[in-house]
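Report on the structure
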Amino acid sequence: MPIIIYNEGMTFNLGIDFQKGENMKIAQDYGKTRTNGTLVKGSFTMDESPEAFEILSDGLYPNKIKAVVRELSTNAVESHITKHKQLTGEKITPEVIDALPQFEIHLPTTMEPHFSIRDFGTGLSHDDLMNMYTTYFRSTKRDTNDVGGCLGLGSKSPFAYSDNFSVVSIHNGRKTCYNLTIDNGYPTPSFFANEDGSPVSEETSEPDGMLITIPCKSSDIHEWEDEARIIYKYFRIKPKFIGTQVSIDSPEYIVEGNGWGIRERDHKGPRAIMGSIAYPISRHSIKCWDESKADDSLSSLLRADIDLYFPLGVLKITPSREALGYKPSTQKNIKAKLTSVYAELKKQVLTSFDECKSLWETRCLANELFYMGNAALRSVDNVFQVADIKWNGKEIGSRDINLKKHRGTVHRFYVKSYYSSEDKCHHQRDFAYLTANPEITFIEADLNVGNFARARHAVKSKKYVEAVVLEFNGGNGLRKALLDQIGILESDLVKASELERPPKRAATNSGGGFSSGKTGQLFK
């Protein structure tokens, strides 16, 4: 039974036909040349060489492991989508994708140092594998936006990490095995063959699909796990892990709308999500702004940690699929998305302020959204005129409330940690400004004595994170003035008399020398 090896021009050719000009369903901006007079045209071509293949496999991807996980996993999902559409003819929607079966992933371990991925899609016939799968730039996905692959490079991504990997194709109930290697600089597929040259295959009851296995270095085990966590975060279909289990977190948003969400501040900047892949957006690469105030507000949205979701084919991507290609159409589509986000975000935020029950609550929300160090909208506060936000017709003003007129009647209790000693509850008696914070509890000093002791105990015992004690000594007029200045309601107040009394301190020996108990221990 001979082994058939193909190389040097038979397969793995570059597969580019510039005369056909196949139309990819992905954002493209091909220029047109106007000519006058007789013009003789030649053509460029590409030479098959080890250097060319190295550029297209190894040199294409800066992060080799991430590329392998991303490319093979997107191919697996797309194969599931293709199979579903072949069987049902159903339109592909996010809800349809959510219901598709999982693909399987094996991450390398010390005992099993290989990465493998098994999908349950269509599988490939022998002819398709030899003539399409192993041909650079050849793709069957260029006439549809149901799937994202279109460059004909992703299936070769394992060569970015290893000089050999195996492929098992299960197609129409038959299993065929292939080995793909780099031979003298050329990618080379090989398989066991029958006397007539057809591949050796076996009948199987396993479902159709592909199994791809790549040997891994033991020193890279943790990197494979880390990259899997990053890549699969935005996948609608999460993989099923075989062996080593990895927890995959889905993105969480503080504010979200139709096709967008603002993450908690992680300082990783804006991202475009297309086909389950997150592409970083370079704010400085968007050149289609004008000098209007509206465009300045749109641009400021890209200073936020925001995810923008796009349909497949809307944005131009680089061949490595690790970045966006900022063609004019891509820039305009990003700007159009930001325009819709701006309107929806502004409406959502203003609606959230309408739901506040007091001026204090409104100030706390503004502080939480725009001013705190990790505030979700801190970088886009110029989208809103925060100082002009009102509650019941009253401007909320600054996040810091001026209490100079009420000095001596407002007391603040809070815990501060020290590395060298026990946490200590501080009593701040004289301060001019109070920063709006939803964790503050307001306590009315309604006792003749013991108000501060009870407030301190409530904070030290962690009943409250922070407490502000208000002393109303000037009659109802001053009471109302202080409540209005802070922006709280009568119902926001907790009476000191309702708080738990602090425990009495244990009696201590005030005389000199040792106590009888300690003396006994000393001389025992």
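Cut-offs used in this document
- Residues numbered from 1 in each chain as written.
- Predicted model: local features only at pLDDT ≥ 70, side-chain atom pairs only at ≥ 80, totals over all residues.
- Heavy atoms only, no water.
- Helix = DSSP H or I, 4+ residues; strand = E, 2+ residues; numbered from the N terminus.
- Buried < 20%, exposed > 50% of the residue type's maximum accessible area, 1.4 Å probe, protein only.
- Contact = heavy atoms within 4.5 Å.
- Areas by Shrake-Rupley, 256 points an atom, 1.4 Å probe, with all protein chains shown as cover.
- Salt bridge = Lys/Arg side-chain N within 4 Å of Asp/Glu carboxyl O.
- Arc of directions from axis to C-beta.
- Pairing = 2+ DSSP bridges.
- Core = buried A, V, L, I, M, F, W, Y, C linked by side-chain atoms within 4.5 Å.
- Axes fitted to C-alpha atoms, helices over the stretch in contact; angles between N-to-C directions.
- Parallel < 35°, antiparallel > 145°, perpendicular 65-115°, else oblique.
- Nonpolar A, V, L, I, M, F, W, Y, C, P; charged D, E, K, R; others polar.
- Polar contact = N/O pair within 3.5 Å; in protein donor to acceptor, adjacent residues only side chain to side chain.
- Phe/Tyr/Trp six-rings, centres within 6.5 Å; stacked < 30°, edge-to-face > 60°.
- Lys NZ or Arg CZ within 6 Å of the ring centre and 35° of its normal.
- Left-handed = near helix turned anticlockwise from the far one by under 90°.

Helix and strand counts for the chain stand at 11 helices and 23 strands. For the chain, the residues scored as buried account for 44% of the 524 residues in total. Sequence separation of at least 24 residues holds for 71% of the intrachain contacts in the chain that already meet a minimum separation of 6. Put simply, the chain shows about 28900 Å² of open surface, and 49% of that area lies on carbon and sulfur atoms.

This next bit is on the pattern of salt bridges. Taken as a whole, this structure holds 18 salt bridges when the rule is applied. Between D307 and R263 there is a salt bridge, with the nearest N and O atoms lying 2.5 Å from each other. Remark: R263 occurs in strand β11 (residues 260–263) and D307 occurs in strand β14 (residues 306–309); sequence separation between them is 44 residues. Of the residues examined, D307 reaches a relative accessible area of 0% and is grouped as buried.

Further remarks concern helix α5 (residues 221–231). Think of an α-helix as 3.6 residues a turn; residues three or four steps apart then line up on the same face. When we look at burial in α5, the residues that qualify are I221, W224, E225, E227, A228 and I231. Considered in projection along α5, the buried side chains sweep an arc of 170° and stay on one side of the axis.

Our next topic: the pairing of strand β6 (residues 186–192). A regular strand places its side chains on the two faces of the sheet in alternate fashion. A large share of β6 lies buried, amounting to six of its seven residues. Two strands pair when backbone bridges link them, and strand β5 (residues 174–183) and β6 are joined in this way by five bridges, in the antiparallel orientation. What sits directly across from T181, in β6, is T188. A loop of two residues connects β5 with β6, the two strands running antiparallel in sequence, and N184 in this loop sits at a positive phi of about 55°.

With that settled, the discussion passes to the nonpolar core. F103, F115, Y133, V167, W224, Y232 and F353 are the most contacted members of the largest nonpolar core, which has 88 residues in total. With eight residues, the top contributor of residues to this core is helix α2 (residues 64–88). Those residues in contact with V167, other than ones at most four positions away along the chain, are L129, Y133, T176, C177, Y178, L180, M210, L211 and I212. Core analysis: the second largest hydrophobic core is formed by 18 residues, C364, L434, A436 and L483 among them.

So, about the pairing of strand β10 (residues 253–257). As judged from the four bridges shared by β10 and β11, these two strands associate in the antiparallel manner. Within β11, the position partnered with E256 by the bridge is G261. Hairpin connection of β10 to β11: two residues between the antiparallel strands, including G259 at a positive phi of 80°.

Another point: the sheet that holds strand β22 (residues 466–470). Spatially, five strands are ordered β19-β18-β22-β21-β23 in an open sheet, and the strand pairing comes out mixed. Every interior strand has two partners, whereas the edge strands, β19 (424–428) and β23 (493–495), have only one. Each adjacent strand pair in this sheet contributes to an overall mean axis angle of 30°, direction not counted. Both strand β18 (residues 410–416) and β22 contribute to a ladder of five bridges, which runs antiparallel.

Let us look at the sheet that holds β10. Spatial strand order, β10-β11-β14-β12-β13: five strands in an open sheet with mixed pairing. Two strands bound the open sheet, and with one partner strand each, they are β10 and β13 (277–280). Pairwise comparison of adjacent strand axes, ignoring direction, gives a mean angle of 20° for this sheet. Here β11 runs beside β14; their pairing, made up of three bridges, is antiparallel. Each bridged residue has a counterpart across the sheet, and for G261 the counterpart in β14 is D307.

The next point concerns the environment of F413. Within the element layout of this structure, F413 appears in strand β18. C-alpha of F413 to C-alpha of V459: the two residues are 46 residues apart in sequence and 7.1 Å apart in space. Apart from residues no more than four positions distant in its own chain, F413 is found in contact with C425, H426, H427, F452, A455, R456, V459, E466, A467 and V469.

To continue, consider the environment of A445. Locating A445 in the fold gives a position in the loop between β21 (440–444) and α9 (451–460). The spatial distance from the C-alpha of A445 to the C-alpha of T409 is 9.7 Å, given a sequence separation of 36 residues.

Running from N to C, helix α7 (residues 328–354) and helix α8 (residues 359–371) cross one another at 150°; their axes reach a closest spacing of 9 Å. The angle between α7 and α8 falls in the class roughly antiparallel. Together, V349, S352 and F353 of α7 and T362, L365, A366, L369 and F370 of α8 make up the contact between the two elements. Here the residues of the contact of α7 with α8 sort into six nonpolar, two polar and no charged.

A separate point is the side chain of E466. Turning to its location among the elements, E466 is positioned in strand β22. Polar contacts involving the side chain of E466 include one to the side chain of R412, which spans 2.5 Å. Setting aside residues no more than four positions away along its own chain, E466 makes contact with R412, F413, Y414, N437, E439, I440, T441 and V459.

A full pass over the atoms with the stated rule returns 10 aromatic pairs. Between F159 and F165 the ring centres are 5.0 Å apart and the planes differ by 65°, which places this aromatic pair in the edge-to-face class. In this structure F165 comes out as buried when scored by relative accessible area, which is 1%. Judged by centre distance (5.2 Å) and plane angle (80°), the rings of Y161 and W224 are edge-to-face. Of the two residues, Y161 is situated in the loop between α4 (126–133) and β4 (164–171) and W224 in helix α5; the sequence distance between them amounts to 63 residues. The ring of Y414 has R412 lying over it, and the distance from NZ or CZ to the ring centre is 4.1 Å. Across the ring face of F472, the terminal group of R479 is positioned such that the distance to the ring centre comes to 4.4 Å.

This part covers the packing of α2 against α5. Where α2 meets α5, the axes come as close as 9 Å, and the angle between the chain directions of the two elements is 50°. In terms of their interaxial angle, α2 and α5 are classed as oblique. Relative to α5, α2 is oriented so that their crossing is right-handed. Counting all contacts with α2, which are made through I65, K66, V68, V69 and R70, the residues of α5 involved are E223, W224, E227, A228, I230 and I231. Among the residues making up the contact of α2 with α5, the classes are represented as seven nonpolar, no polar and four charged.

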